[in-house]
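In case you want the letters, here they are:
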Amino acid sequence: MKRSAPIGIFDSGMGGLSVWLRVRQLMPNESIVYLADGKNCPYGDRTPHEIASLTKSAVEELLSRGVKIVVVACNTATAMAIDMLRESFDVEFVGMEPAVKPAALSSQSGVIGIVATHAALSGELFRATSAKYADRVKILSAVGEGFVEIVEQGEEHSPEASKVVADAIEPMLSSGADRIVLGCTHYPFLMGAIESVVGERKVEIIDPAPAVARRVEWLLERDGLRAEPDHKADYEFLSFADEEYRQRVEQRAKHLVGE
Ligand code: DGL
């Protein structure tokens, strides 16, 4: 495997760009191929079998582009497919873990909230992670109903966005949660709406994307796969949806880095 090979990042749609951004910021000399399924999004209400099968196809597409590591920048796909992927392919995978640990260890109130898709919350990964901290904190969970669709449509600043975010988050805040874990990579795009709901309350919103980027860097260093410091990064965007969607993904990524 060449050190100059790209990092592959996959999500059901545009949400994984929140991870793409952190990977790019941390390792500006690394090329990245980002694959947004787009055609089958959202994944969150699909069956485990469908999610695993869609994720496998996406990984095959990334591997055919010669990526040196795969970031499953989707909590839902990670929850339903990461074990199968590790068994099926001879490449390192980095998935999205629900960031229950940092929330549980830092909470002052003893109550934390996690918001994620239906599939991610029903998966074994969330159950096992929560079980580890259940004697330390009370863990509340909520499905981000409509969150993914709103982000896909670029409607994060609409009144509808404020409403769905309040519906999911306010009950957890009212029950005393002082940490809200974002358990879906689309949700950081709703940060503005989430912060408005939180208001003056002392609540920390936890996005695992920076930790995921550090994990990618650590694995590449370990395996001698970091690009040369002067390597000129190239960014490619792919989708299973149409060209118009692919271009929207690319535009959004450019917007994130101020281009
Ligand atoms: N970004 C995906 C996640 O992290 C969204 C899932 C979906 O498509 O419903 O879970």
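Because the structure is a prediction, the values reported are computed rather than measured. (Residues numbered from 1 in each chain as written. Predicted model: local features only at pLDDT ≥ 70, side-chain atom pairs only at ≥ 80, totals over all residues. Heavy atoms only, no water.)

Novice: Help me out: how do you make sense of the overall build of the protein chain in this one?
Specialist: When its secondary structure is counted, the protein chain shows 11 helices and nine strands. Its C-alpha atoms give the protein chain a radius of gyration of 18 Å, within 12% of the compact-globule value 18 Å for 259 residues. The burial tally for the protein chain puts 56% of its 259 residues in the buried class. Sequence separation of 24 or more characterises 79% of the internal contacts of the protein chain that already satisfy a separation of 6 or more. (Helix = DSSP H or I, 4+ residues; strand = E, 2+ residues; numbered from the N terminus. Rg over C-alpha atoms; globule rule 2.2 N^0.38 Å. Buried < 20%, exposed > 50% of the residue type's maximum accessible area, 1.4 Å probe, protein only. Contact = heavy atoms within 4.5 Å.)

Novice: Looking at this structure, how should I read the environment of Val59?
Specialist: One can find Val59 in helix H2 (residues 48-64). We classify Val59 as buried; its relative accessible area is 0%. Between the alpha carbons of Val59 and Val33 there is a distance of 11 Å; along the sequence they are 26 residues apart. Setting aside chain neighbours within four positions, we find Val59 in contact with Val70, Leu85, Phe89 and Phe93.

Novice: Explanation requested: the sheet that holds strand E2 (residues 32-36) in the structure shown.
Specialist: Two modes of strand pairing occur in sheets, parallel and antiparallel, and in both the strands are linked by backbone hydrogen bonds. Taken in spatial order, the five strands line up as E4-E3-E1-E2-E9 in an open sheet, and their pairing is parallel. What marks the edges here is a single partner per strand, and that holds for strand E4 (92-94) and strand E9 (235-239). Taking the axes of each pair of neighbouring strands and ignoring which way they run, one obtains an average angle of 20° across the sheet. Each of strand E1 (7-11), E2, strand E3 (69-72) and E9 is contacted by helix H1 (residues 17-26), which is oriented at about 175° to E2, the strand it contacts most. Its contacts with the sheet put H2 on E1, E2, E3, E4 and E9, and the angle it makes with E1 is roughly 155°. (Pairing = 2+ DSSP bridges. Axes fitted to C-alpha atoms, helices over the stretch in contact; angles between N-to-C directions.)

Novice: What's the story with the environment of Lys56 in this structure? I'm lost.
Specialist: Along the chain, the position of Lys56 falls in helix H2. Classification of Lys56 by relative accessible area gives partly exposed; the value is 31%. Put simply, Lys56 and Ile82 are 26 residues apart on the chain and 9.6 Å apart in space, counted from C-alpha to C-alpha. Discounting chain neighbours no more than four positions away, the residues touching Lys56 are Met84, Leu85, Ser88 and Phe89.

Novice: Help me understand the site of the ligand in this model?
Specialist: Residues in contact with the ligand amount to 14 residues; listed here are only the nearest, Ser12, Tyr43, Gly44, Thr76 and Thr185. At 2.9 Å from a nitrogen atom of the ligand is found a side-chain nitrogen or oxygen belonging to Asp11. Here an oxygen atom of the ligand sits 2.7 Å away from a polar atom, N or O, in the main chain of Tyr43. Within the complex, 99% of the 300 Å² of free accessible area of the ligand lies under protein. Taken together, the residues that form the shell around the ligand break down as six nonpolar, seven polar and one charged. (Near = heavy atom within 4 Å. Polar contact = N/O pair within 3.5 Å; in protein donor to acceptor, adjacent residues only side chain to side chain. Areas by Shrake-Rupley, 256 points an atom, 1.4 Å probe, with all protein chains shown as cover. Nonpolar A, V, L, I, M, F, W, Y, C, P; charged D, E, K, R; others polar.)

Novice: Teacher, can you tell me more about the pairing of strand E5 (residues 111-116) here?
Specialist: The two faces of a sheet get side chains in turn, since along a regular strand they alternate between them. Among the six residues of E5, six are classified as buried, and the element is accordingly described as predominantly covered. Looking at chain direction, E5 and strand E6 (residues 138-143) are connected through six bridges and run parallel. Residue Ile114 lies in a different strand from E6, and its bridge partner there is Ser141. Pairing analysis gives four bridges linking E5 to strand E7 (residues 179-182), with the strands arranged parallel. For Ile114, the partnering residue across the bridge sits in E7 and is Val181.

Novice: It is not clear to me how the sheet that holds E7 should be interpreted in this structure. Could you clarify?
Specialist: Sheet architecture is open: four strands sit in the order E6-E5-E7-E8, paired in parallel fashion. Two strands close off the open sheet at either side, each with one partner strand: E6 and strand E8 (204-206). Geometrically, the sheet is characterised by an average inter-axis angle of 20° between neighbouring strands, direction not taken into account.

Novice: Help me out: how do you make sense of H1 in this one?
Specialist: Owing to its 3.6 residues per turn, the α-helix aligns residues three or four sequence positions apart on the same side. Summarising burial for H1: seven of the 10 residues are buried, a large majority. Within H1 the residues assigned to the buried category are Leu17, Ser18, Val19, Trp20, Leu21, Val23 and Arg24.

Novice: What's the story with the side chain of Ser130 in this structure? I'm lost.
Specialist: For Ser130, the position within the fold is in helix H6 (residues 124-133). We classify Ser130 as buried; its relative accessible area is 12%. Polar contacts involving the side chain of Ser130 include one to the main-chain carbonyl oxygen of Phe126, which spans 2.7 Å.

Novice: In this structure, what is going on with the packing of H2 against helix H3 (residues 75-88)? I would like to understand it.
Specialist: Two elements in contact, H2 and H3, have axes whose closest approach is 9 Å; the angle formed by their N-to-C orientations is 60°. Classified by the interaxial angle, the pair formed by H2 and H3 is oblique. Classified by chirality, the crossing of H3 by H2 is right-handed. Only Thr76, Ala77, Met80, Ala81, Met84, Leu85 and Ser88 of H3 make contact with H2, whose side of the interface consists of Pro48, Ile51, Ala52, Thr55, Lys56 and Val59. Partitioning the contact of H2 with H3 into residue classes produces nine nonpolar, three polar and one charged. (Parallel < 35°, antiparallel > 145°, perpendicular 65-115°, else oblique. Left-handed = near helix turned anticlockwise from the far one by under 90°.)

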